[in-house]
Each structure stands twice: as structure tokens, then as C-alpha cells.
Amino acid sequence: MPIRMIIVDDHPVVRDGLRGIFTADDAFEVVGEAADGPEALVVAMRTRPDVVLMDLRMPKMSGAEVIRRLREQTPGIHVLILTTFDDDADVLPAIEQGATGYLLKDTPRADLRRAVQAAARGETVLSPSVADMLMHRVHTPEQRTLSRRELEVLGLIARGATNRKIAAELFITEATVKTHLLHIFAKLEVNDRAAAVAAAYETGLLKPAADS
């Protein structure tokens, strides 16, 4: 029996390319597509696929939230992330919510097909850069270790930027800024923005501006 899968990505050209990769192989059957999280939930409920091949950053709902809801409403489903982002602020929430695998969009076609087959068997599939990052996390205490994007957010907070300004500066949503803030607070063991900035200066994560 072919592996039944749906493709979730907000870019039609990407969906077309992925559909072409999998419909050319009798081992797969693309039973649906979606352009955002809410649509993915509807399509998954209707088609009951084996694997959801999904981008991580899409309109209307965070990738981690989509994964959580997919696994709640369709037990046994396997979610394979295919994205351009390998920052731990993206990877960790996806893995924590139950993603079976995490690949980057530069993955060769043959490797992508094999990854979907592995995901359908419930096997974990990770891009090398993602695997390296997770190994680093295992060997590095989580607290006091901020991702590049979290440091960018914290640096802007230190300069007095609001969530809206941070979102505009980094080309992300305000919801994503709030998620980064929650991760920062947890890692630095603080409860607010001022304490986070103070802790960052104390530990050397942020450097005071040089005197002019």
C-alpha cells in the first residue's frame, strides 16, 4: 500500500514541487494539501494520512501548535517538518510537540522520499545540522544558553524595543516574539523583561555598549 500523505506549505510553488516529487513514485499517494495550519487540521481529519509533510512557519497558527493539534485529533499520525529554519527556537518546540522528523528544504529528493518512508514507520529523521544542534543541547546546560534569535530579541529588549518593534525589526510575528520571550525567561530563570536584561549582562550574554 502506498504511503498516504498530505503536503502543508503556504507557498503554492513549493506544494507543486513537492507533489511532483511524490506523485512520480508509486510508493506514495498525495491525498491532500493545505496552505496554513487550520486548513491542515481540516484536511488531515478528512483524509487520515500516514504522514503530514509540513512547513513550520505559516499564517494563522504556529507550527508547534499545528503539530500538537494534529496529534491530538489524529492519533498515530506522523508529522515530518520540512522548512528552511534550523534555529533551536524553531526545532525544539516542534520536537517537543511530537514531530517525527525535522528536515531542511535543501534535502535531496531521494533523501526526502526515504525520510517520508521512515517517518511513516515512526522513525525519527533529522537533518545533520538539526541533529548536531540537538546533540549540542544535550551536552550543554539549557539555562544561560540562548539561541542566536533569542539573543537578537534580548538585545532589542535591552534597547527598549516593544514586541511590535521587535517583530518588525526581525520580520517575525508578535506571537513569535512572545514565544522567544517565554524561552528566554525560562532559560535565564527570570519572570520579566528587565530581569532578563539584567541577567544577560551579569552572565555576559549581552555586552554593555562601549563608551563613546
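What this report covers is the structure whose coordinates are included nearby. These numbers were taken from a predicted model, which means no experiment stands behind them.

Here is what the cut-offs are and how they apply
- Just so you know, the residues in each chain are numbered from 1, in the order the chain's sequence is written.
- Residue-level local features of this predicted model are given only where pLDDT is at least 70; pairs of side-chain atoms are given and counted only at 80 or more, and the full residue set underlies all totals for whole chains, interfaces and linings.
- The side-chain figures draw on all heavy atoms in the structure; neither hydrogens nor water molecules are used.
- Helix and strand definitions here come from DSSP, where helices need a minimum of 4 consecutive H or I residues and strands a minimum of 2 consecutive E residues; each element is numbered from the N-terminal end.
- Given the number of residues in a helix, its expected span is that number minus one, multiplied by 1.5 Å.
- When accessible area is computed with a 1.4 Å probe and restricted to protein chains, residues below 20% of their type maximum are described as buried, those above 50% as exposed, and intermediate ones as partly exposed.
- Here, the arc refers to the directions that run from the helix axis to the C-beta atoms.
- Two N or O atoms count as a polar contact when they lie within 3.5 Å, although within protein this holds only if one can serve as hydrogen donor and the other as acceptor, and sequence-adjacent residues are included solely when both atoms are side-chain atoms.
- Pairs of residues are marked as contacts when any of their non-hydrogen atoms sit within 4.5 Å.
- In this scheme, strands are said to pair when DSSP sees at least two bridges between them.
- Crossover handedness is defined here as right-handed if the route from the first strand over the helix to the second strand goes clockwise, with the strands pointing away from the viewer.

## Regarding helix H5 (residues 109-120)
- With 12 residues, H5 extends 17 Å between its outermost C-alpha atoms, agreeing within 8% with the 16 Å of an ideal straight helix rising 1.5 Å per residue.
- Within H5 the residues assigned to the buried category are Leu 112, Ala 115, Val 116, Ala 118 and Ala 119. What you see down the axis of H5 is that its buried residues fit within an arc of 160°, all on one side.
- Note on H5: the residue one or two positions beyond its end, Gly 122, has a positive phi of about 85°.

## A closer look at the side chain of Thr 100
- Here Thr 100 shows up in the loop between helix H4 (88-96) and strand S5 (101-104).
- One polar contact links Thr 100 to His 78, side chain to side chain, over a distance of 3.5 Å.
- Residues contacting Thr 100, with those up to four places away along its chain left out, are His 78, Val 79, Ala 119, Gly 122, Glu 123, Thr 124 and Val 125.

## Quick word on the pairing of S5
- On S5, burial covers both faces: Gly 101 and Leu 103 on one face and Tyr 102 and Leu 104 on the other are all buried.
- Where strand S4 (residues 78-83) meets S5, four bridges bridge the pair, whose relative direction is parallel. Considered in S5, the bridge of Leu 82 is made with Leu 103.
- Handedness of the β-α-β unit built from S5, H5 and strand S6 (residues 125-126) comes out left-handed.

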